[in-house]
Amino acid sequence: MRPAHPYAGRRAVLATMHGKEAAIRAPFRDGLGLDVTTPDHIDTDVFGTFTGEIRREKGIKETAVAKARLGMALTGLSIGIASEGSFGPHPEIPIIAADMELMVLIDDERGVVLSEALISEETNFAHIEIEPDSEMDAFLARVKFPDHGLIVAPNMPTHSEWSFIKGIVEKAQLMEAVKAAARHSSDGMAFVQTDMRAHLNPSRMCVLEKLAEQLVDRLKMLCPSCDAPGFGRLDVQRGLPCGYCGTPTRWVKAEIFGCESCGLRETRDRSDGVQVAKQENCPACNP
Ligand SMILES: [Zn+2]
Ligand SMILES: [Zn+2]
C-alpha cells in the first residue's frame, strides 16, 4: 500500500467570505484527504473589491497570500488556502473575456508557499449601459442571469455617496435597481455589470474547482528528498542547441524541478523529448 499523503487527516483553512468552499473542499478532500474549513467571520473585502470601493493595493499573488495568512491567524491552523481572481481581455485572444485565477497554499510547518494559476474563457464577465425600461434580454441571456448575479450603479453618478446595488438575482429587483440608478446618473442611464463574487457566479465556481484540482495534482507530487508536498516545475532553462550548428537558441533546453521546503533542485530534459532546435530558429543559421 502507498503511504498516506502528508496532508491526509489534516485541516486547512480556506480564507473566503464568498462560499468558495463549495468548489474547493471536494478536490482537496478526495485528492489528498485534507479537510478544508472556513473561518466563521472573515472580511476578505479589506484586500480589495471587484467594484473598486476598496482598491486592491497589492499584486494578485501577494493579495492571495495575505488572505490565506489572515485565515491562518483567525483559526491557528498551519495550512492556509486562498484564491484571487481578475477579469478582463484574454491575454492571448483580447476580443474575448477571461477569468484569471490564482490559488495559493501556505504550509508554515514546511515553509512552503505554492501557487497555481489558470486562465479560462468560461466567464460571463460583461457590462452594459442602459436606460430604464429598455430591452436587455439578449444581455441577460449572455450573462446567464438569474443563475449569475448582477450589480447596478448609476452610469455617471451625480453624487459620490451612491453605493452599488449588488447580488441582484431577480428580474423585478433588477428593474427597480436600474430605475433608481438611472435617476442618480447625469445621463439618465444605469451601468449593469456581472457580479463576479464566487457565490453569485457559478461559471467562476467551475473555474475555481478546476484550479483546485490543478493545485491538488501539484501537491500530490512529493519531494524525493524531504517528502514535502508540491515538488514541481519551478523554472525553465533556455538555450536549446540548433540541430545544425549547435548554437544555443532562446528555446527551452531543460526544465528545473524543485522543492520549496528543502531547496532541492533537479534539472530535467524537456518532457516532450525535444533535444535540438530547428535551424530556422537559430540566431546563427537564420539571423
Ligand atoms: Zn544553427
Ligand atoms: Zn524537499
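Note that this is a predicted model, so its numbers are computed, not measured. (Residues numbered from 1 in each chain as written. Chains lettered and ligands numbered in written order. Predicted model: local features only at pLDDT ≥ 70, side-chain atom pairs only at ≥ 80, totals over all residues. Heavy atoms only, no water.)

A. Summary view of the sheet that holds strand E1 (residues 11-14). Read across the sheet, five strands follow the order E2-E1-E3-E4-E5 without closing on themselves; strand pairing throughout is mixed. Looking along the sheet, the strands with just one partner apiece sit at the ends: strand E2 (35-37) and strand E5 (112-120). When strand polarity is set aside, the average angle formed by the axes of neighbouring strands in this sheet is 25°. Helix H5 (residues 202-220) rests against strand E3 (79-89), strand E4 (97-107) and E5 of the sheet, and its axis sits at about 140° to E5. (Pairing = 2+ DSSP bridges. Helix = DSSP H or I, 4+ residues; strand = E, 2+ residues; numbered from the N terminus. Axes fitted to C-alpha atoms, helices over the stretch in contact; angles between N-to-C directions. Contact = heavy atoms within 4.5 Å.)

B. Structural context of the sheet that holds strand E9 (residues 190-194). Spatially, four strands are ordered E6-E9-E7-E8 in an open sheet, and the strand pairing comes out antiparallel. Edge strands, defined here as strands with exactly one partner in the open sheet, are strand E6 (127-130) and strand E8 (165-168). Each adjacent strand pair in this sheet contributes to an overall mean axis angle of 20°, direction not counted. Pairing between strand E7 (residues 150-154) and E8: two bridges, direction antiparallel. Residue pairing for E8: Val152 is matched across the bridge by Ile165.

C. Here's a closer look at the coordination of the zinc ion (ligand 2). Listed as protein donors to the zinc ion (ligand 2) are Cys223 (SG), Cys226 (SG), Cys259 (SG) and Cys262 (SG); their distances from the metal cover 2.3 Å. Note that the zinc ion (ligand 2) binds four donor atoms; their angles at the metal cover 106 to 113°, and the shape is tetrahedral. Sequence spacing of the donor residues for the zinc ion (ligand 2), all on one chain, is C-x2-C-x32-C-x2-C. (Donors = N, O, S within 2.8 Å, 3.2 Å for Na, K, Ca; no water. Tetrahedral: all angles 85-135°; square planar, octahedral: opposite > 155°, others 65-115°.)

Limitation: the analysis is restricted to geometry and does not speak to function.
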